[in-house]
Amino acid sequence: MNVTKQNIDDLLILIIVDKDANLTKSENFKEIVFKEIESGSTKIIISFEHVEYLDSSFLGALVAILKKLVALQGKLTLIELNNDIRNLFELTRLDKIFDLKNSLDTAVEGFK
Amino acid sequence: MNRIILLVDDDIFQLRLFEKLLTSNGYNCKIALSVDEAESILQSETPDLIVSDYEMPGKDGFEFRRRLLEQDAFKNIPFLFLTSINDKENVQQGLDLKAIDYIAKNTPPSHILSKIDNLLQAVREHYERSLSEIKGIAERLNLRNIPKNAPVLKNFQIDYFNQSFQNQPGGDFIDFIQVNDRYTFIILGDVMGKKWGAWFFSFSFLSYIRSAIRLCVFDENYSLSQILNKLNRVVHADELLSDIFSTLGIVLLDDETGSVKYAGAGDLPVLKFEEHSEELHYFKSDGILLGFSEFGDYSEMDIEIKEGEELYMISDGMIDFEINGEKKSDINLFKEKLFNFKKNKETTLTIKNRLFDKHASQVDDCSIIIIKKV
């Protein structure tokens, strides 16, 4: 899974570079983020700017990451989801459990 | 589906030559001029075969192979060397690294192609044999997450269809629980994930769902809201399922009064066809995925349905499409297709055939349950 990382103070920003977020990458992605959480990152923003399609395996990985962060009183924000993916979140009530923001700036604001 | 071959060679001329040979014979090639480039491609593509040169600047083919063997995700991808360094020692070293073959570059192209064809055919046959054995065992153990038949009721006709992804059992599960002559529960769930991993966990969810329904019914409790809330708490408490999530839709049919109740957890809306309507209606449940939090707050709703009208419960695979190589999830596209089939008075079987066959390319398990009031 191609993921680039950057930090703004104690915020970890992960940008998914692949356009397909699917089964073959979900486990690897979960491991990458779990390692970051175990290293102390509990405020995480994940950017879907490049992602065109997300399957249910990858959604499952995201939910597992969120559940782990919530248990640690951490926070996860997902940004720059395309319309199809955002609709899928809304249709399946995932928008009730995930913090979805349009841009990095608004997401960073939300952590203040 | 074209099989993908990753070609790795620092000689661009050789790469293009083999790429042409393989693509003109139906393969889809990814090319890399170095091991680093190949490893970058592997982050986003899982090829069916890797063909690598030995002598390359930076990391050589042997080092590439050693690095792949250290990673679970890559160590089982069939690998062969295609190189001009062919002394006995190198050939042996390459084969010792679990390469399937070590081919000299001056081998006639037709021979190289035949070797690759035969190799991939053998891999495919081995895979099919293993799959068939596991399926046979599951069948003998009566492990079934899709039932053989739907119950026959007085006031409702139930049809259902499921198509697994790449011919492997998956995370979609269906069940019909006819608790007495009056009440039948219809279950459609989808464990997040695909293939065997999701399939395995579908039985854990199914067991909990069956138990929750039976236990509530023993107490004359037919409240879908309470069933889902109890079920969610049990799933949430199960450590084995702490990382596994499932959607669930439950419809309760009352065959005496003809009424329908519905509740759901992270499932897609139930769709409804009415004769004089301009589109399919939909009913969205309010519950979140099973097991995410201890208290999910699931409520139920009544769905009014008249004679001749139909309800559709669907899994997310039904709304996933691949059009011109682009994948997307689009419930409106699905609704439109289904509505047009109904408007054109297509039979249920025709609708099923067209919905499943017309997917440009299936990208997940697909399930649909059709409930018709008769």
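Residues numbered from 1 in each chain as written. Chains lettered and ligands numbered in written order. Predicted model: local features only at pLDDT ≥ 70, side-chain atom pairs only at ≥ 80, totals over all residues.

Focus: the overall build of chain A
The following threshold applies: In DSSP terms, a helix is any run of H or I states spanning at least four residues, a strand is any run of E spanning at least two, and both are numbered starting from the N terminus. The globule rule used for comparison is 2.2 Å times the number of residues to the exponent 0.38, while the radius of gyration itself is calculated over C-alpha atoms. Once C-beta atoms have been placed from the backbone, residue pairs whose C-beta atoms lie within 7 Å are recorded as contacts.
If you tally the helices and strands in chain A, you get five helices and seven strands. The C-alpha radius of gyration computed for chain A amounts to 13 Å, which stays within 12% of the reference 13 Å derived for 112 residues, consistent with globular compactness. Principal-axis analysis of the C-alpha atoms gives chain A an extent of 30 × 25 × 25 Å. Of the contacts made within chain A by residues no fewer than 6 positions apart, 72% connect residues no fewer than 24 positions apart.

Here we look at the overall build of chain B
Heads up, the rule is: Exposure classes come from backbone-placed C-beta atoms, where a residue is buried if 20 or more other C-beta atoms lie within 10 Å of its own, exposed if 12 or fewer do, and partly exposed in between.
Across its full length, chain B carries nine helices and 17 strands. Each principal axis of the C-alpha distribution contributes one length, and for chain B these read about 80 × 50 × 35 Å. The proportion of buried residues among the 374 residues of chain B is 37%. Considering only contacts within chain B whose residues lie at least 6 apart along the sequence, 65% involve residues at least 24 apart.

Describing the interface of chain B and chain A
Residue-level contacts link 28 residues of chain B with 25 residues of chain A. Of all the elements, strand 16 (residues 326–329) of chain B adds the most residues to the side of chain B that touches chain A, at four residues.

Describing helix 3 (residues 61–69) of chain B
Residue and element names in this part refer to chain B. Counted only if it meets this: Here the arc refers to the set of directions running from the helix axis out to each C-beta atom.
Every buried residue belonging to helix 3 is among Gly-61, Phe-64, Arg-65 and Leu-68, and all of these are buried. Here the buried residues of helix 3 occupy an arc of 95° about the axis, which is enough to place them on one side. On its buried face, helix 3 sits against strand 1 (4–8), helix 2 (35–42), strand 3 (49–52) and strand 4 (79–83).

Things to note about the sheet that holds strand 8 (residues 183–191) of chain B
Residues and elements named next belong to chain B. How we decide: A pair of strands is treated as paired once DSSP finds two or more bridges between them. Axes here refer to lines fitted to C-alpha atoms; in helices the fit is confined to the stretch in contact. Angles between the N-to-C directions go from 0 to 180 degrees.
Ordered in space as 7-8-9-10-13, the five strands form an open sheet in which the pairing is antiparallel. The open sheet has two edge strands, strand 7 (172–178) and strand 13 (301–303), and neither has a second partner. Strand after strand, the sheet turns through a mean of 20° between neighbouring axes, direction not considered. Where strand 7 meets strand 8, seven bridges bridge the pair, whose relative direction is antiparallel. When the sheet's bridge partners are listed, Gln-178 is paired in strand 8 with Thr-184.

Section: the domain arrangement of chain B
Rule in force here: Domain start and end points were adopted from an automatic or database domain assignment.
Each assigned domain of chain B is listed here: domain 1 (4–139) and domain 2 (144–373). If you average the C-alpha positions of domain 1 of chain B and of domain 2 of chain B, the two centres end up 42 Å apart.

What about the nonpolar core?
One broad trend across soluble globular proteins is that nonpolar side chains are buried collectively. Residue and element names in this part refer to chain B. Inclusion rule: Under the definition applied here, buried Ala, Val, Leu, Ile, Met, Phe, Trp, Tyr and Cys residues are grouped into a nonpolar core through C-beta atoms within 7 Å.
With 90 residues, the main nonpolar core has Ile-250, Val-251, Tyr-312 and Met-313 as its most contacted residues. It is helix 6 (residues 195–218) that contributes the most residues to this core, nine residues altogether. One finds Ile-5, Cys-29, Leu-68 and Ile-103 within the second-largest nonpolar core, a separate group that totals 27 residues.

Observations concerning the sheet that holds strand 6 (residues 75–79) of chain A
Residues and elements named next belong to chain A. With respect to topology, five strands assemble into an open sheet ordered 1-2-4-6-7, the strand pairing being mixed. Two strands lie at the open edges of the sheet, namely strand 1 (3–8) and strand 7 (99–101), each paired on one side alone. Across the sheet, the mean angle from the axis of one strand to that of its neighbour is 25°, orientation sign disregarded.

Quick notes on the pairing of strand 15 (residues 320–323) of chain B
A regular strand carries its side chains on alternate faces of the sheet. Residues and elements named next belong to chain B. Sheet topology note: the strand 15/strand 16 ladder contains four bridges and is antiparallel. Directly across from Ile-323, in strand 16, lies its bridge partner Glu-326. Between strand 15 and the antiparallel strand that follows it, strand 16, lie two residues; Asn-324 among them carries a positive phi value of about 50°.

Remarks on the pairing of strand 17 (residues 366–373) of chain B
All names here are of chain B. In terms of burial, strand 17 is a largely internal element, six of the eight residues being buried. As judged from the eight bridges shared by strand 6 (residues 156–163) and strand 17, these two strands associate in the antiparallel manner. Note that in strand 17 the partner of Asn-162 across the bridge is Ser-367. Bridge analysis of strand 14 (residues 310–314) against strand 17 gives five bridges, and the strand direction is antiparallel. By the bridge assignment, Glu-310 is partnered in strand 17 with Lys-372.

Observations regarding helix 2 (residues 56–71) of chain A
Stated formally: The span one expects for a helix is its residue count, reduced by one, times 1.5 Å.
Helix length check: helix 2 of chain A, at 16 residues, gives a terminal C-alpha distance of 22 Å against a target of 22 Å (1.5 Å per residue), a fit within 8%. Inspection of helix 2 of chain A places Ser-56, Ser-57, Phe-58, Leu-59, Gly-60, Ala-61, Leu-62, Val-63, Ala-64, Ile-65 and Leu-66 of chain A among the buried residues, and these make up the whole buried set. The inward-facing, buried residues of helix 2 of chain A contact strand 3 (20–21), helix 1 (23–38), strand 5 (53–54), strand 6 and helix 4 (94–97) of chain A together with strand 8 of chain B. Positive phi appears at Gln-73 of chain A, one or two residues downstream of helix 2 of chain A, with a value of about 60°.

Side note on the packing of helix 1 of chain A against helix 2 of chain A
Residues and elements named next belong to chain A. In plain terms, the rule: The scheme is simple: roughly parallel for angles under 35 degrees, roughly antiparallel for over 145, roughly perpendicular for 65 to 115, oblique for anything else. Whether a crossing is left-handed or right-handed is set by the direction in which the near helix is turned from the far one by less than a right angle, anticlockwise for left-handed and clockwise for right-handed. All residues other than Ala, Val, Leu, Ile, Met, Phe, Trp, Tyr, Cys, Pro, Asp, Glu, Lys and Arg, Gly among them, are scored as polar; the first ten of these are nonpolar and the last four charged.
Where helix 1 meets helix 2, the closest approach of the two axes is 8 Å, and the angle between their N-to-C directions is 15°. The pairing of helix 1 with helix 2 is recorded here as roughly parallel in orientation. The chirality of how helix 1 crosses helix 2 is right-handed. Contacts from Leu-23, Lys-25, Ser-26, Phe-29, Lys-30, Val-33, Phe-34 and Ile-37 in helix 1 reach Ser-57, Phe-58, Gly-60, Ala-61, Ala-64, Ile-65, Lys-68 and Leu-69 in helix 2. Classifying every residue of the contact of helix 1 with helix 2 by side-chain character gives ten nonpolar, three polar and three charged.

Regarding unusual backbone geometry
In this model, Glu-80 of chain A sits at a positive phi of 60°, which is unusual for a non-glycine residue. A count of 21 C-beta atoms within 10 Å places Glu-80 of chain A in the buried class. The residue Asp-297 of chain B is not glycine, and still its phi comes out positive at about 60°. Assignment of secondary structure puts Asp-297 of chain B in the loop between strand 12 (281–283) and strand 13.

A few points about the environment of Leu-338 of chain B
All names here are of chain B. Relative to the helices and strands, Leu-338 resides in helix 8 (residues 331–343). When the 24 C-beta atoms within 10 Å are taken as the criterion, Leu-338 is described as buried. For the pair Leu-338 and Leu-355, spaced 17 residues apart in sequence, the C-alpha to C-alpha distance is 7.7 Å. Discounting residues that sit within four places of it in the chain, Leu-338 has contacts with Leu-271, Leu-280 and Tyr-312.

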